[in-house]
Amino acid sequence: MQRFTISLDDGLALEFDQLIADKGYINRSEAVRDLLRSALGSATLDTAPRKGKAAWCVANVSYVYDHHERTVTSRVLDLQHDHHDLVITTLHTHLDHDHCLETVVLRGPTAAVQACAEQLVALRGVRHGNVHMVPLDATGERHAHGTAGAHTHHKPRN
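Counting starts from 1 at the beginning of each chain's written sequence and moves along it residue by residue. pLDDT decides what is reported in this predicted model: residues at 70 or higher carry local features, side-chain atom pairs at 80 or more are listed and counted, and totals for whole chains, interfaces and linings draw on all residues regardless. Working from all heavy atoms in the structure, the side-chain values ignore hydrogens and water.

## A look at the sheet that holds strand 3 (residues 99-109)
We apply this condition: Two strands are said to pair when DSSP picks up at least two bridges between them. What counts as a helix is a DSSP run of H or I of at least four residues, what counts as a strand is a run of E of at least two, and both are numbered from the N terminus. Helix axes use the C-alpha atoms of the stretch in contact, all axes being lines fitted to C-alpha atoms, and the angles between their N-to-C directions lie in the range 0 to 180 degrees. The contact criterion used throughout is that any non-hydrogen atoms of two residues lie within 4.5 Å.
Spatially, the four strands line up as an open sheet ordered 2-3-1-4, and their pairing is antiparallel. With one partner strand each, in any of the chains shown, strand 2 (87-94) and strand 4 (126-136) form the two edges of the open sheet. The average undirected angle you get between the axes of adjacent strands in this sheet is 10 degrees. Bridging between strand 1 (residues 56-66) and strand 3 involves 11 bridges; their strand directions are antiparallel. If you follow S62 over to strand 3, its bridge partner there is T103. The sheet contacts of helix 3 (residues 70-82) involve strand 1, strand 2, strand 3 and strand 4, and relative to strand 1 the element is tilted by about 170 degrees.

Laid out in structure tokens, this is it:
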């Protein structure tokens with residue numbers, strides 16, 4: 001583990017200590033580590049794959065819409081089906097008589113995931129959209145497991 005020292009003006013230090021208290025960090029070091037991880041993760045989300053940049057990512061896209069506006073429901077579903085290769089799962093929650101919260105998890109090439117997520121929150125009728133992207137170290141491609149512990153599927157016998 002490495003140590004480093006930083007200097008903060010009094011006002012910024014007070015704000016940082018308030019953030020630490022509000023978020024429940026046990027000390028400044030934990031808070032700084034979290035901030036660094038977040039900043040470094042965001043820095044690896046680049047649409048052009050380069051050395052040190054995440055070519056693949058996952059994203060959590062959440063948005064609220066009025067389910068009485070039938071066209072917005074249709075637009076949301078059409079976009080999700082158009083990007084079925086990126087959509088991992090969706091969660092639909094009824095907030096009240098009029099409003100629904102939908103959460104979509106996407107996985108794939110960073111540029112494609114970002115474009116799909118931005119299209120979802122920009123759809124006419126969608127309100128309060130939020131996108132949270134997380135870089136993946138691997139290529140994101142599916143991989144095969146070895147034979148040890150492999151699952152086998154059998155056809156039922158007649």
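## Side note on a nonpolar patch on the surface
Here is the rule: Patches here: salt-bridge-free residues with over 30% relative accessible area, like charges joined within 9 Å, nonpolar side chains (Val, Leu, Ile, Met, Phe, Trp, Tyr) joined within 5 Å. What sets the accessible areas is the Shrake-Rupley method with a 1.4 Å probe; for residues, cover comes only from the shown protein chains. One side-chain nitrogen of Lys or Arg within 4 Å of one carboxyl oxygen of Asp or Glu is enough to make a salt bridge.
Taken together, the side chains of F4, I6, L8, L12 and L36 define a hydrophobic patch exposed on the protein surface, amounting to about 480 Å² of accessible area. For F4, the location among the structural elements is in the segment before helix 1 (10-23).

## Some remarks on the pairing of strand 2
Here seven bridges tie strand 2 to strand 3, and the two strands are oriented antiparallel to one another. By the bridge assignment for strand 3, H92 is matched with E102. Counting the residues between successive antiparallel strands, the hairpin from strand 2 to strand 3 contains four residues.

## A look at unusual backbone geometry
Positive phi outside glycine occurs at H128, with the angle close to 55 degrees. For H128, the position within the fold is in strand 4.

## Here we look at the pattern of salt bridges
In plain terms, the rule: Residue exposure (1.4 Å probe, protein chains only): buried if accessible area is under 20% of the type maximum, exposed if over 50%, otherwise partly exposed.
Evaluated as defined, the whole model comprises two salt bridges. The salt bridge partner of D17 is R28, with a shortest N-O separation of 2.8 Å. Within this pair, whereas D17 is found in helix 1, its partner R28 is found in helix 2 (residues 28-43), the two being separated by 11 residues in sequence. Two residues, R127 and E69, come together in a salt bridge whose shortest N-O distance is 3.1 Å. Taken together, the positions of R127 in strand 4 and E69 in the loop between strand 1 and helix 3 put the pair 58 residues apart, joining distant regions of the chain. Given a relative accessible area of 34%, R127 falls into the partly exposed group. Since its relative accessible area comes to 30%, E69 is described here as partly exposed.

## Regarding helix 3
Which entries qualify depends on this criterion: Helices are assigned an expected span. That span is 1.5 Å times one less than the residue count.
The end-to-end C-alpha distance of helix 3, which contains 13 residues, comes to 18 Å, matching closely the 18 Å that a straight helix rising 1.5 Å per residue would cover. Check the buried side of helix 3 and you find it contacts strand 1, strand 2, strand 3, helix 4 (110-122) and strand 4.

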